[in-house]
Amino acid sequence: MITIKTPEEIEILSEGGKILASILDDVSSKVGAGISTKELDTRAYNLIKKAGGNPSFLGYKSRDSKTAYPASLCVSINNEIVHGIPSEDRILKEGDIVSLDFGMEYKKLFTDMSITVGVGEISQKASNLIDITKKSLSGGIKSLRGGVFPEDYGFVVQSIVEKAGFSIIKELVGHGVGYAVHEDPDIPNYGKKGKGFEFKEGMVVALEPMACIGNSDIVLADDGWTWKTKDGSLSAHFEHTVAIEKDGCRILTRQ
Ligand code: MF3
Ligand code: CO
């Protein structure tokens with residue numbers, strides 16, 4: 001079932017989204033060679049608690065996950081696409097690219113956001129992948145308003161990624177959000193124009209293109225959570241929670 005949020009709920013989501021964006025900004029400023037992914041997770045946890053929120057991924061169980069997610073933040077390095085589990089043993093090194101994905105429950109409503117950043121100096125190709133993935137999200141967001149089809153959004157995202165010579169991950173998708181971490185509908189990051197249901201004013205969705213340098217096939221790691229590219233190629237991921245409006249949309253996860 002696709003839910004419609006009230007204007008009051010959207011205000012609260014926007015308040016939470018602002019906090020989430022500022023926390024992610026803080027955590028990303030700590031990304032550097034020598035830091036463990038667990039340290040980033042702990043920082044995110046402490047900051048969200050201090051802000052009066054709850055980390056919504058901690059203890060989360062999805063329909064098909066066997067275990068509850070054990071951390072607050074998802075930290076996915078290089079060929080890891082999403083849902084990398086923070087660990088004391090994962091130390092970032094110069095040249096890595098890392099996706100930080102964080103979800104917040106604030107005043108009972110949920111927002112979701114992710115960014116990808118480089119560790120120190122990164123290759124031209126990696127930097128280009130990050131840029132294009134980010135542009136695909138902003139391009140997709142610009143296409144949104146009431147009456148647009150989700151696949152039109154997907155078409156825009158996919159075109160931007162593929163024109164640059166990269167691949168869009170197809171098996172992982174965006175989703176409705178707000179009353180829960182994941183709600184209906186699924187929002188693919190690819191598509192054919194004019195297909196699917198229509199976006200309506202008051203829908204709140206988490207849009208999250210994932211792109212990689214090589215082939216788009218994916219594999220699940222033994223930890224049961226981390227999705228990786230099958231060919232080991234680098235992958236980037238950006239995500240915003242947005243509210244659909246009549247003539248456009250409002251990005252909720254920004255400072
Ligand atoms: N932003 C992630 C997603 O939409 C959140 C996943 S929940 C987690 O898939 F438990 F896997 F972290
Ligand atoms: Co999400």
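Data block above holds the structure.
First, a word on what this report is: a plain description of the structure on this page.

Reading the values: the criteria
Residues numbered from 1 in each chain as written. Chains lettered and ligands numbered in written order. Predicted model: local features only at pLDDT ≥ 70, side-chain atom pairs only at ≥ 80, totals over all residues. Heavy atoms only, no water. Pairing = 2+ DSSP bridges. Helix = DSSP H or I, 4+ residues; strand = E, 2+ residues; numbered from the N terminus. Axes fitted to C-alpha atoms, helices over the stretch in contact; angles between N-to-C directions. Near = heavy atom within 4 Å. Polar contact = N/O pair within 3.5 Å; in protein donor to acceptor, adjacent residues only side chain to side chain. Areas by Shrake-Rupley, 256 points an atom, 1.4 Å probe, with all protein chains shown as cover. 1 Å grid on protein atoms, 1.4 Å probe; cavity = no way out; pocket = protein on both sides within 12 Å on 5 of 7 lines; lining within 4 Å. Sits in = over half its atoms within 2 Å of the grid points. Donors = N, O, S within 2.8 Å, 3.2 Å for Na, K, Ca; no water. Tetrahedral: all angles 85-135°; square planar, octahedral: opposite > 155°, others 65-115°. Buried < 20%, exposed > 50% of the residue type's maximum accessible area, 1.4 Å probe, protein only. Contact = heavy atoms within 4.5 Å.

**What about the sheet that holds strand β12 (residues 227-229)?**
Consideration 1: The three strands lie next to each other as β3-β12-β11, forming an open sheet whose pairing is antiparallel. The sheet is open, and its two edges are formed by β3 (80-82) and β11 (218-220), each paired on a single side. On average, each strand axis in the sheet is tilted by 40° relative to the strand beside it, whichever way the strands run.
Consideration 2: For β3 and β12, the ladder comprises two bridges, and the chain directions are antiparallel. Note on β12: the bridge partner recorded for Glu80 is Lys228.

**Considering the site of ligand 1**
Consideration 1: Neighbouring ligand 1 are the residues Phe57, Tyr60, Tyr69, Cys74, His83, Asp101, Asp112, His175, His182, Glu208, Trp225 and Glu239.
Consideration 2: Between Asp101 and ligand 1, the recorded distance is 2.8 Å, taken from a side-chain N or O atom to a nitrogen atom.
Consideration 3: Surface burial for ligand 1 is 96%, taken as the share of its 330 Å² of free accessible area covered by protein chains.
Consideration 4: In a pocket analysis with a 2 Å cut-off to the grid points, ligand 1 is assigned to the largest pocket.

**Some thoughts on the coordination of the cobalt ion (ligand 2)**
Consideration 1: Distances from the cobalt ion (ligand 2) to its protein donors, namely Asp112 (OD), His175 (NE2), Glu208 (OE) and Glu239 (OE), fall within the range 2.1 to 2.3 Å.
Consideration 2: For the cobalt ion (ligand 2), the six donor atoms in the first shell make angles of 65 to 169° at the metal, so the coordination geometry reads as irregular.
Consideration 3: Summarised as a motif, the one-chain spacing of the donors to the cobalt ion (ligand 2) is D-x62-H-x32-E-x30-E. Placement of the pair is Asp112 in strand β5 (residues 109-118) and Glu239 in the loop between β13 (235-237) and β14 (240-244), with a sequence separation of 127 residues.
Consideration 4: By relative accessible area, Asp112 is classed as buried at 4%.

**Quick word on the side chain of His240**
Consideration 1: Mapped onto the fold, His240 is located in strand β14.
Consideration 2: At 2.7 Å, the side chain of His240 and the side chain of Thr253 are in polar contact.
Consideration 3: If we skip the residues at most four places from it in the chain, His240 touches Asp112, Met113, Leu137, Ile141, Val205, Ala206, Leu207, Ile251 and Thr253.

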